[in-house]
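# Notes for the structure review
Here is how the chains run, residue by residue.
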Amino acid sequence: MAEVSATEPHPESAPSARPGPGREPEPGGESASAPAVIETRGLTKRYRGGQLAVDGLDLSVPAGSVFGFLGPNGSGKTTTIRMLMGLIEPTSGTARVLGRPMPGAARTVLPRVGALIEGPALYGFLSGRDNLLRYDAADPTADPRTRRERVAAALDRVGLTAAAGKKAKAYSLGMKQRLGLAAALLQPRRLLVLDEPTNGLDPQGMREIRALVRELASDGTTVFLSSHLLDEIEQVCTHAAVMARGRLITQGRVADLAAGARGRLVVTTPDPGDAARVLKEQGAGDIVTAEDRVTAEPPDRDLAELNAALVTAGVRVRGFGVERASLEDAFVALTGEGFDVAG
Ligand SMILES: Nc1ncnc2c1ncn2[C@@H]1O[C@H](COP(=O)(O)OP(=O)(O)OP(=O)(O)O)[C@@H](O)[C@H]1O
């Protein structure tokens, strides 16, 4: 890790979260006025080669949230996390974690943050338990007399008690990730930062990690996790920020982000050509016809009138409705581009 100063140039009190209008209480029983656990202002990183990786980021992560940091590969997520953890210096702007400036306050902040970044560093020839004992021994604040209990509790928390005696190199990728999480959980944490925690896992491994994240969050720990998987964010997170090319596109509650995007109109009919023509006349946009389904951006008018217009024109309507908008729709609407998982 980068050498950091123990002095804190700005020891003022924690900034207040700036809740949007009409916010409900935050998950974990904390009110919307609880201070943000992570707060950045104009955070910017330009690498030496000139690459602008993060560009003027204003991020606000409410206490008690499971916050998804979403963006295609290369959008600046890892660079942001590395700045938040004090591993690299920003080019400009500020970052506060648990109310303290980073990297200045890294020594006081980092012991209260559990992090899993770019896969856990494990000794393959040691058992899972011995890896954790080593991690715990490396923490100068950890009492050696209670080490075994702490390790046993962490193994139990991530469901690795039965496999604790196996060598780490025999672990599946999912088990290795869980062991990494156990290492992050040896001490009570107010914040967990997980960089692509399900990357490379099979569906079962992904489910296990997601279930674990939900469980940790239900104890009130704020979880900040990056992902390039939209459905993962929708399944696990209460809040999300969407990044594209180093810039923040939007942030807020997942439910609000998805609701901000309008769902697509879907008409099922044996007369798709006529249906598409009528929908166009009625002002619908982006019309896509596939066999007996016509989908479109709904026009800004009463959908009952649209349905009536189809029927009046002789279109035999078998189904008519609006599909629920997903976070993916929101992303496409906001960026005007598809969410390319492969980056
Ligand atoms: N050390 C570095 N030096 C120069 N450019 C870098 C460096 N690290 C990252 N970049 C560039 O900065 C941009 C953002 O990268 P970053 O790794 O932060 O994105 P990401 O969203 O985390 O993507 P991924 O999931 O692929 O890691 C990319 O264009 C990347 O090539």
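Residues numbered from 1 in each chain as written. Predicted model: local features only at pLDDT ≥ 70, side-chain atom pairs only at ≥ 80, totals over all residues.

### Details of the overall build of the protein chain
The secondary structure content of the protein chain amounts to 11 helices and 15 strands. Looking at the 343 residues of the protein chain, the share that counts as buried comes to 38%. Taking all contacts inside the protein chain whose residues are at least 6 apart in sequence as the whole, residues at least 24 apart take part in 68%. (Helix = DSSP H or I, 4+ residues; strand = E, 2+ residues; numbered from the N terminus. Buried ≥ 20, exposed ≤ 12 C-beta atoms within 10 Å, placed from the backbone. Contact = placed C-beta atoms within 7 Å.)

### Details of the nonpolar core
Of all hydrophobic cores here, the largest spans 69 residues; its most connected members are Leu84, Ala182, Val193, Val213, Val223, Phe224 and Ala240. Counting 12 residues, the second-largest nonpolar core is a separate cluster that includes Val278, Leu279, Ala284 and Val294. (Core = buried A, V, L, I, M, F, W, Y, C linked by C-beta atoms within 7 Å.)

### As for the sheet that holds strand β10 (residues 239-244)
Pairing is mixed in the open sheet, where six strands are placed in the order β7-β8-β9-β4-β10-β11. Each edge of the open sheet carries a strand with a single partner, namely β7 (113-116) and β11 (247-253). On average, each strand axis in the sheet is inclined to that of its neighbour by 15°, with strand direction left out of account. As defined by bridge partners, β10 adjoins β11 across six bridges and the pair is classed as antiparallel. (Pairing = 2+ DSSP bridges. Axes fitted to C-alpha atoms, helices over the stretch in contact; angles between N-to-C directions.)

### Concerning the site of the ligand
The environment of the ligand is formed by 13 residues, the closest being Tyr47, Ala53, Asn73, Thr78 and Thr79. In terms of residues, the shell around the ligand owes the most to one element, helix α1 (residues 77-84), which gives three residues. Classifying every residue of the shell around the ligand by side-chain character gives two nonpolar, 10 polar and one charged. (Near = placed C-beta within 6 Å. Nonpolar A, V, L, I, M, F, W, Y, C, P; charged D, E, K, R; others polar.)

### Overview of the sheet that holds strand β12 (residues 265-268)
Spatially, the four strands line up as an open sheet ordered β13-β14-β12-β15, and their pairing is antiparallel. The open sheet has two free edges, formed respectively by β13 (285-290) and β15 (319-322), since each of these has just one partner strand. Between one strand axis and the next, the sheet turns through 15° on average, direction left out of account. Pairing geometry for β12 and β15, over four bridges, is antiparallel. Bridged to valine 266 within β15 is glycine 321.

### Side note on the pairing of strand β14 (residues 293-297)
Note: β12 against β14, four bridges, orientation antiparallel. Along β14, the bridge assignment pairs threonine 268 with arginine 293. Taken together, the four bridges between β13 and β14 define a ladder with antiparallel strand orientation. Paired with valine 288 across the bridge in β14 is threonine 295. The hairpin turn running from β13 into β14, its antiparallel successor, is two residues long, and glutamate 291 in that turn takes a positive phi close to 55°.

### Description of the environment of alanine 106
Take alanine 106: it is sitting in helix α2 (residues 106-109). Overall, alanine 106 belongs to the buried group, with 23 C-beta atoms counted inside 10 Å. Between the C-alpha atom of alanine 106 and that of methionine 85, which follows or precedes it by 21 residues, the distance is 7.3 Å.

Interpretation in functional terms is not warranted from these geometric data alone.
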